[in-house]
Every structure is written in C-alpha cells, then in structure tokens.
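# Coordinate analysis (summary)
Here's the letter readout for the chains.
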Amino acid sequence: MSASELASGILVLDYGSQYTLLIARRLRELGVYSEVWPWDDPRLEEALEDGEAPANGIILSGGPASVDSEDAPSFHDGLLDLDVPILGICYGMQLLVDALGGQVEGGDEGEYGRTPVRVTQPRGPLQAFEADEQLDVWMSHGDSADTLPDNLVPLAETLNGVLAAVAHRDRPVFGLQFHPEVTHTEDGNQILTSFAFEVCGCGDEWQMEDFLNRSIERIRDAVGDDEQVICGLSGGVDSSVVAAMVHRAIGDRLTCVLVDHGLLRHREAKTVRTVFEDHFGVDLRVIEAQEEFVSALEGVEDPERKRKIIGEKFVRIFERVAKDIPNASWLAQGTLYPDVIESTSTGGPSETIKSHHNVGGLPERLEFGLIEPLRELFKDEVRALGRTLGLPSNMVDRHPFPGPGLAVRILGDVTEQRLETVRQADHIFIESLREEDLYGAAWQAFAVLLPVRTVGVMGDSRTYDQVIALRAVTSRDGMTADRAHLPMDFLGMVSDRIINRVDGINRVVYDVSSKPPATIEWE
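Here is a short report on the structure shown in this document. (Residues numbered from 1 in each chain as written. Predicted model: local features only at pLDDT ≥ 70, side-chain atom pairs only at ≥ 80, totals over all residues. Heavy atoms only, no water.)

## Notes on the packing of aromatic side chains
- Scanning the model with the defined rule gives 4 aromatic pairs in all.
- For the pair Y15 and W39, a centre-to-centre distance of 6.1 Å together with 20 degrees between the ring planes defines the contact as stacked. Linking Y15 in the loop between β1 (10–14) and α2 (20–29) with W39 in the loop between β2 (34–38) and α3 (42–50), this pair joins segments that are 24 residues apart in sequence.
- Accessibility expressed as a relative area gives 0% for Y15, which makes it buried.
- With relative accessibility at 18%, the residue W39 sits in the buried group.
- A centroid spacing of 6.0 Å and a plane angle of 35 degrees characterise the contact between F314 and F318, whose relative ring orientation is tilted. In this pair, F314 and F318 are both assigned in helix α10 (residues 303–322), 4 residues apart and thus about one turn of the helix distant. Each member of the pair, F314 together with F318, is buried.
- These aromatic residues form a ring-pair network of at least three members: Y15, W39 and Y91.
- If you follow R43 out to its NZ or CZ, it ends over the ring of W37, 4.1 Å from the centre.
- Here the basic side chain of R409 rests over the ring of F446, its NZ or CZ set 4.0 Å away from the ring centre. (Phe/Tyr/Trp six-rings, centres within 6.5 Å; stacked < 30°, edge-to-face > 60°. Helix = DSSP H or I, 4+ residues; strand = E, 2+ residues; numbered from the N terminus. Buried < 20%, exposed > 50% of the residue type's maximum accessible area, 1.4 Å probe, protein only. Lys NZ or Arg CZ within 6 Å of the ring centre and 35° of its normal.)

Pasting the structure below:
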C-alpha cells in the first residue's frame, strides 16, 4: 500500500500485545486500511520530527509491561502534538494516562476474561451506547489507571469501580482498558466502527480481494520466471490455501510435499492425497517418515523440544526432496499470524507463548527462501480466501490441526502405542460430532492424552489406566477462544465410546478453560 492509503487509514502501534494485529484485522474487516508498526519504528520518529501524522488515526496496542517498569516501551510525546485522533487500548490507555499526568498502579488482582462494564459517558468510541448501559468486555491486564489527571474524564467503569474507558476533555484522545478487538467483547466491532468512521472520518474502501491480488503478485515477483517452489502440505486449510495461491501464481512450478510423520489423525494421509490430487492435479509427493519422526521424539517430554525437533525434521525432508527438483529455491508454508505471535515477537516486545514448528521451530540454517503469504492473516480470513480460490468445503471448513500433529496432544513421552491411543480417541470424538451434527458447533475439537493414571472399575475388577481430555472451543480467529457448550448427554456418550473402544483408557474429562488464560492446544 502507498503512503497515501495509510494516510486515509489507521496506524496501530505495537507495544507487545498478543492481540496487536487483531486490531488491524478488525479494521480491515470494516474496509479501513491499517498497518502495524513497532512502537519505536523509525518511520514514526521521522513523522513526528516532521509534525505530520502518518495516518488518519492512531491506535496504541496493549502489552505485557508496566508503564513504570525498567525498559518499558515508552509513549512518544510528539503523538499528542499531532492533529489526529488517538485510541489507547489496555497498556496503550495506561500510557496515555501516565503521559497526561495521571497515575497507574498494579492491582492486587488482575482482570482476565469476560468482565461487565457500565458506560458512564457515551463519547468517542462509546458514542453508540446509552449512559448506564452495561457491556460484557474482554479484559487482560494486571495494572490499571488509579488516578486521572484533570484533562481526562471517565467514560466507563467495571462493576467494582475500576476505570474501563477514559477521554480527553477537549481533544479526540481516548483510552479503553479492555480489548474491543477480540470477538468476546460485546459490540467490540461497534466500538472500533465508531472510532474509525465517526472519530477518525475514515472510509471503507479496502477489501480482502486486494490482499489476494497483491499476494499473488508478490509470489510471482519473488520466485521469478524459472525457480521452483516446494509447499509443505498437511491437508489443513492453511497449507491448502497457500498451495492454491502459489499454484495460481506460478502454475506447474509448484511441488507439494505431504510428510506422513506418524503424527497424523486417523487415515489422514490417505484422505489428503485423495482430495488434493482430485482437486488440484498438481505434483504431490507423499513422504513416509513415521519411524524417523517417532524415533527422534523418543523420551522427549518438553513441548518446546518436540516442536523444534519436528520443525527441524520437516525442513530436512523438504531439502532432500528439493535435490530431485531443479531450481527448487523456495519453501511455501501456511504460517498464520497466531502462529507468529505465539512463537516470536513481531517487532514489538511481546512475550513468546510457545513455538510453532513452522515459526519458532524452524532451524537457523535454511536452504530455502520462505513464502508465507498468510503470515498476517487469521483462520477465518484464510477460510474466506479458500472459498475465493474455489477450494472445496471439506478442505476450507475443517477444524485446525497443529503442524506437529498428535505429538503435542500427548502430554509427555511420544510412543507408537500412545499415538494410537490418542488417535483412536480423537477419531471417535470427531466422528461423533459429525454424527450428531455438532461438528460446526466447535471451531476446533480434539482429544488429549494426559500423563496420569487413575483408578477405575471394569467388570468388577480394579483398573489403573490412562485419562483422555476432550477439548472443544468456539472462536473466530484462534486469538481468543471459549469453551464449546456441547450437550452433556453427548459428552457422556463420547466418554462411553472412548472407554469401551480404546484400550488403556478408564476416564474421560472435558476441558472448560478459555483462551486466555489457557491456550487452545495443551502444548
């Protein structure tokens, strides 16, 4: 995008929140072009020196720091000198309060998850609501604004009296302690809509088709006229969409590689091969590598080590395949933004949650250039791209499946026997969801094998066997998630099926945690 397009859009400054790009994504959904810059980006420094706002509005993201901690990301005083609306979210609000002379304190208890707040003054981003109207919002903070300076007024508070939103008395400067960008904030899109259109005066000219067309052109430009691309294909929507994009960009210079590493779901390799070859008709190579992966994971219990071992193995297999393909210089993979921000910092001071095999798990030495056209997208955006590209619904609408596969759904040591146990339990759960027309009620569902044994009774005899945890969540993008409210009778039926059909299991539990504070996967 050109500078003029950002000038009519909104700039998001990243202070390290796990949700930063989600803000930009929500704005893009509204048709407002948005970019994310690190809070200390040199381009921002240049704009402040020139006294020219780089965008039509600026949003300060959340972050894990405290405003008074050593090395905390700081507020640019020059921002308040720009004639542009500003919205601080979570840490961003705390920065505004501190910069304007207020006081931010660490609380004895933080606020995490759904929290009711009451609108006290409907202004700015809250102008669409009524005074005294109550909203359920998503909080994720430890510190909070304790004392406001004279130039700030409260707009909303929690039922415990904690400040939830503030506004400058005279200028279009606002702060929200909660996260309007996450789907679990009630009317969060309305809040961002009010800020983007009513406060900033933005238009709604940006569309997802723009992203698709630009991405295909970038792939063509990067690969050139004679180089080949290898695409790591898992059969999930992410890698399938990447394969379709690369195929549209460079045609038959694409080779797809499905690594059957022994960590796949029930009959997964056969299903993927049938669906993909029938739909695309491109060169698909299936590499049998079960023994290689499982033996490398023997005795490894730490999830980070698992991911890094798997990431290394994947790349080395791709390198071996590339030796038989002239000019194979690029590796395409379906990295999404949630993978990136959980594995690494995207330029801001965000904290690593866990490595993903295709991001933090990649080895330092790579013989390929990387093509990751979905790196700034979320799962539902990828599904929309898949439909635009004409992929079949049984690809586009599949539940997410982690690249490291069942290895991260086995807590503890990975063995052939434990893999078969969790594979059978997972298959029973997913097939039962389909039978009862509940597959679409969950964004993601799976089984996890726990590293504990419990006492049970079968046929009047004592058992001391393993435990399966079932996990089903609702989400839109994987950044936040809530428990799926599956019928108790259904869960009881699935439990009975697993215990009766899977050797070595005598207990089944259901995970009701939300994200945050938990993650969707257990490892």
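Back to the write-up after that little detour.
## Points about the pattern of salt bridges
- For the structure shown, the criterion picks out 30 salt bridges.
- The salt bridge involving R25 is made with D380; its shortest N-O contact spans 2.2 Å. In this pair, R25 is assigned in helix α2 and D380 in helix α12 (residues 379–388), connecting sequence segments 355 residues apart.
- Look at R25 and you get buried, because its relative accessible area is 0%.
- The residue K306 makes a salt bridge to E523 at a minimum N-O spacing of 3.1 Å. With a gap of 217 residues between them, K306 in helix α10 and E523 in the segment after β18 (505–511) connect regions that are remote in the sequence.
- Assessed through its relative accessible area of 10%, E523 is described here as buried.
- Residues participating in the shared-partner salt-bridge network are R25, R26, E29, D380 and R476. (Salt bridge = Lys/Arg side-chain N within 4 Å of Asp/Glu carboxyl O.)

## Here's the deal with α2
- Burial within α2 is extensive, with 9 of its 10 residues counted as buried.
- In the stretch just after α2, G31 is the one whose phi turns positive, near 90 degrees.

## Section: the environment of T271
- In this structure, T271 sits in helix α8 (residues 268–280).
- A sequence separation of 36 residues divides T271 from G235, and the C-alpha atoms of the two residues are 8.4 Å apart.
- There is a polar contact of 3.0 Å between the side chain of T271 and the backbone oxygen of R267. (Polar contact = N/O pair within 3.5 Å; in protein donor to acceptor, adjacent residues only side chain to side chain.)

Geometry only, nothing functional implied.
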